[in-house]
Amino acid sequence: MVWEELRFQALLRHADDRLVLGHRLSEWCGHGPTLEEDIALSNVALDLLGQAKVIFEQSIKTDLKKRSVDDLIYFREIRGYRNVILVEQPNGDFACTILRQYFFDVFNRLWLNSLQSSIDKDLSSFARSALKEAIYHERHTKSWVVRLGDGTKESNERIQEAVSVFYPLSYEFFAQDEIDQKVFSKGLLPNTACFENVWKEEVALTLLEATLQFPKRTSTQMLRGREGRHTEHLDRILSEMQSLARAHPGASW
Amino acid sequence: MTSGKVVDSLWEVFLQEKNNSGHVHVGSLRASGSEEALQAARDVYARRGSPISIWVVLSESIVASTPADAPSFFDPKDAKSFRYPNYYKVPRTLKDA
Amino acid sequence: MTEASRQFDFEGRIARDEKIEPNDWMPSRYRRQLVRMISQHAHSEVVGMLPEGNWITRAPSLRRKISLLAKVQDEAGHGLYLYGAAETLGAEREDLINRLLGGDARYSSIFNYPSVTWGDVGVIGWLVDQAAMVNQTMLTKCSYGPYARAMIQICKEENFHKRQGMEIMAVLSAGTSAQRAMAQDALDRWWWPTLMMFGPPDEESPHSSELIGWKVKMKSNDELRQWFVDLAVPQAEALDLQIPDPELVRDSKTGHWISGPINWDEFRSILEGEGPCNRERIESRRESHFGGAWVREAARAYEEKCRKKKALERESL
């Protein structure tokens, strides 16, 4: 694979994570458990979609097929999507949404923190501003994880269930293939292996504070989101998200 | 209006818009505790502009004057002209530094 | 002070355009009417999230998706500001919401129409938000301080809502023939319901004269409706779209655009709950509110534990 394609593919993974998760959070708009939290979730969604936009814009600089950001979002088939499986999981209840988000937020904060030293000046300056958002996201979701875990029996059971379902999916944040390794070695994107243990320790401390049990199963090797092998959930997201744009090919909006 | 039910506390939100300005009341929100209130204030009332500080105060903690207090609290203040600089006559030649 | 002299004092303050503040004496009817009006307004903001929210996940470009999400989020914020204003009158948000969910409170009739195409998203921003702005601009001068201040904040934020709607309409109108048809169809369906947003004609408006007397409302329903029509007609022309009113004419003496007759039977049946989406709008709000009850309980239980823990720590010192 030529460097341009490697760079494009590697950035696409992180743009897709944020697009799909931002999309999922936006499904809450108008349906939050309180007005305050409805607004808070939309803020996170807007931040993630904004981050996705910047990373897509960076990625297409080396797209050999010269596609636009909207081409990538609206006209790519499911097998071309490169997000981790965790972010395409359905919102479920508020506990599921918060826990999924917390796992991502810790990862995102560590990733952006490290991206600040990218050799690419555009990416490092993007990382500096996005990191501020990520720090707040984590503060917000972490405090909810603790509240729900150490709240009522019902809230504890709900978020405990989310922990056992989602924790094994976090494996994919740190899985590496040849593409990842090449962009790490060039200093373009962070080496996620460097902060895998930090992620695990911080999450474990939060679970402890939230009086939640560590899950029995902690990883699954079956996930291949980075290779474009997704669950049916992403198919449903795309058929909704892309429906209008695809009904009017060539139209501008 | 209030029955025996349990609801989240009401908090008043004050925003400091820029350096060296005071905190100004911008509205209220409901939250179970102070961290939740502070975060909600950030999410609801600081979506635009670039405020530099937020206060959240339990509404019930605010002590306010009542309309009945107003005449005796505020009315006589304009009578105290000796509190204002124009009350004092200074020769023109004696300029302020 | 006697009741009569308080009433006299209150009326004097209204006449002098002084704002009435939460701790001030006010006639109980003034308070009741304000709670009714502000909470209806708050409910409208929150229910109003649903028709547009319906399109966030299908917005046809990333730019549109972000703008629409930010706009619908603003409506939640506006609902919250307004519930806050109502709470200054001694009403509780929880009670007000329960009345909405129990079917005992009203919200704007417009949100009981379905939003079935992307054109509807454009028209809601262009016309529905513009109509709301006409109404809200007037309310910034309302005699009740917290309501007036909430309106000032809301008007400031809503400015972008109308513009994003107009932009969508302009792009559709200049787009493919299918997009143009989408824009015209949306205007055809939303024009009359938007005119109904200003409420029944003056001679049938039950609360109007009292509210105008208190300077809660500054203009009558028909005056506001006229103001809106005069704004919208030239805009439709600029967008090269046809307003679905064959009787629409310009009065050469006054310069006003005069609409044909409004179907008030349709308006009344929507208020009585027979609109195309009344049931599902309330059902959706019920699901979110009651479905989220366990979250609010958990947060309170956690805070209670924290308080107890702190108290124990203090005792052991």
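Quick caveat: nothing in here was measured; it's all calculated off a predicted structure.

Cut-offs applied
Residues numbered from 1 in each chain as written. Chains lettered and ligands numbered in written order. Predicted model: local features only at pLDDT ≥ 70, side-chain atom pairs only at ≥ 80, totals over all residues. Helix = DSSP H or I, 4+ residues; strand = E, 2+ residues; numbered from the N terminus. Buried ≥ 20, exposed ≤ 12 C-beta atoms within 10 Å, placed from the backbone. Contact = placed C-beta atoms within 7 Å. Rg over C-alpha atoms; globule rule 2.2 N^0.38 Å. Nonpolar A, V, L, I, M, F, W, Y, C, P; charged D, E, K, R; others polar. pLDDT = per-residue confidence, 0-100. Expected span 1.5 Å × (residues − 1). Bend = angle between axes of the 7 residues up to and from the residue. Axes fitted to C-alpha atoms, helices over the stretch in contact; angles between N-to-C directions. Parallel < 35°, antiparallel > 145°, perpendicular 65-115°, else oblique. Pairing = 2+ DSSP bridges.

### What about the overall build of chain C?
Inference 1: Scanning chain C for helices and strands turns up 13 helices and two strands.
Inference 2: Its C-alpha atoms put chain C at 75 × 55 × 35 Å along the principal axes.
Inference 3: Looking at chain C residue by residue over its 317 residues, the buried ones come to 44%.
Inference 4: For chain C, the proportion of contacts with a sequence separation of at least 24, taken over those separated by at least 6, is 74%.

### Thoughts on the overall build of chain A
Inference 1: From N to C terminus, chain A includes 12 helices and zero strands.
Inference 2: Reading the helices (α) and strands (β) of chain A from amino to carboxyl end gives α-α-α-α-α-α-α-α-α-α-α-α.
Inference 3: What you see for chain A is a C-alpha radius of gyration of 18 Å, in line with the 18 Å of a compact globule of 253 residues.
Inference 4: Dimensions of chain A, computed from C-alpha atoms along their principal axes, come out at roughly 55 × 40 × 35 Å.
Inference 5: Taking the contacts inside chain A whose residues are at least 6 apart along the sequence as the reference set, 77% of them involve residues at least 24 apart.

### Points about the interface of chain B and chain C
Inference 1: In this assembly, 18 residues from chain B lie in contact with 19 residues from chain C.
Inference 2: Here the side of chain B that touches chain C takes four residues from strand 2 (residues 23-31) of chain B, the largest share from any one element.
Inference 3: Residue composition of the side of chain B that touches chain C, by class: eight nonpolar, six polar and four charged.

### Looking at the environment of asparagine 135 of chain C
Residue and element names in this part refer to chain C.
Inference 1: Considering the arrangement of structural elements, one finds asparagine 135 in helix 6 (residues 118-139).
Inference 2: Its 22 C-beta neighbours within 10 Å are what place asparagine 135 among the buried residues.
Inference 3: Residues asparagine 135 and glutamate 287, spaced 152 residues apart in sequence, show a C-alpha to C-alpha distance of 30 Å.

### A short note on the confidence of the model for chain C
Detailed reading of predicted coordinates is not advised where the pLDDT is low.
Inference 1: Of the residues in chain C, 100% have a pLDDT of 70 or more, and the chain-wide mean is 96.
Inference 2: In the predicted assembly, ipTM is 0.97 and pTM is 0.95.

### Here we look at helix 8 (residues 177-196) of chain C
Residue and element names in this part refer to chain C.
Inference 1: Its 20 residues place the ends of helix 8 30 Å apart at the C-alpha level, agreeing with the 28 Å of an ideal helix rising 1.5 Å per residue.
Inference 2: At tryptophan 190, helix 8 is bent by approximately 35°, the largest bend along its length, and proline proline 193 sits one to four residues beyond.
Inference 3: Of the residues making up helix 8, those classed as buried are Met182, Ala183, Ala186, Leu187, Trp190, Trp191, Pro193, Thr194, Leu195 and Met196.
Inference 4: If you follow the buried residues of helix 8, they end up packed against helix 6, helix 7 (145-173), helix 10 (221-238) and helix 11 (264-274).

### Topic: the interface of chain A and chain C
Inference 1: In this complex, chain A contributes 39 residues to the contact, which on the side of chain C involves 38 residues.
Inference 2: Taken together, the elements giving at least two residues each to the side of chain A that touches chain C come down to helix 1 (3-26), helix 2 (35-59), helix 3 (69-75), helix 6 (121-149), helix 7 (153-166), helix 11 (232-241) and helix 12 (243-247) of chain A.
Inference 3: If one sorts the elements of the side of chain A that touches chain C by residue count, helix 2 of chain A sits on top with 10 residues.
Inference 4: Here the side of chain A that touches chain C is built from residues that sort into 16 nonpolar, 14 polar and nine charged.

### Concerning the packing of helix 6 of chain A against helix 7 of chain A
Residues and elements named next belong to chain A.
Inference 1: Two elements in contact, helix 6 and helix 7, have axes whose closest approach is 7 Å; the angle formed by their N-to-C orientations is 125°. By the criterion of interaxial angle, the relationship of helix 6 to helix 7 is oblique. On helix 7, the residues that touch Val145, Leu148 and Gly149 of helix 6 are Ser155, Asn156, Arg158 and Ile159.
Inference 2: Classifying every residue of the contact of helix 6 with helix 7 by side-chain character gives three nonpolar, three polar and one charged.

### Comments concerning the sheet that holds strand 1 (residues 9-16) of chain B
All names here are of chain B.
Inference 1: Taking strand neighbours across the sheet as the criterion, the three strands line up as 2-1-3 in an open arrangement whose pairing is antiparallel. Either end of the sheet is taken by a strand with one partner, and the two such strands are strand 2 and strand 3 (53-58). The average undirected angle you get between the axes of adjacent strands in this sheet is 25°.
Inference 2: Direction of pairing for strand 1 relative to strand 3: antiparallel, over a ladder of six bridges.

### Points about the packing of helix 4 (residues 62-87) of chain C against helix 7 of chain C
Angle between the axes and distance between the axes are the two parameters that describe a pair of packed helices.
Residue and element names in this part refer to chain C.
Inference 1: Relative to each other, helix 4 and helix 7 sit at 170°, their axes nearing to 10 Å. In terms of orientation, helix 4 and helix 7 fall into the roughly antiparallel class. Between helix 4 and helix 7, the contacting residues are Ser67, Lys71, Asp74, His78, Tyr81, Leu82 and Ala85 on the first element and Pro146, Tyr147, Ala150, Gln153, Ile154, Glu157, His161 and Gln164 on the second.
Inference 2: Classifying every residue of the contact of helix 4 with helix 7 gives seven nonpolar, five polar and three charged.

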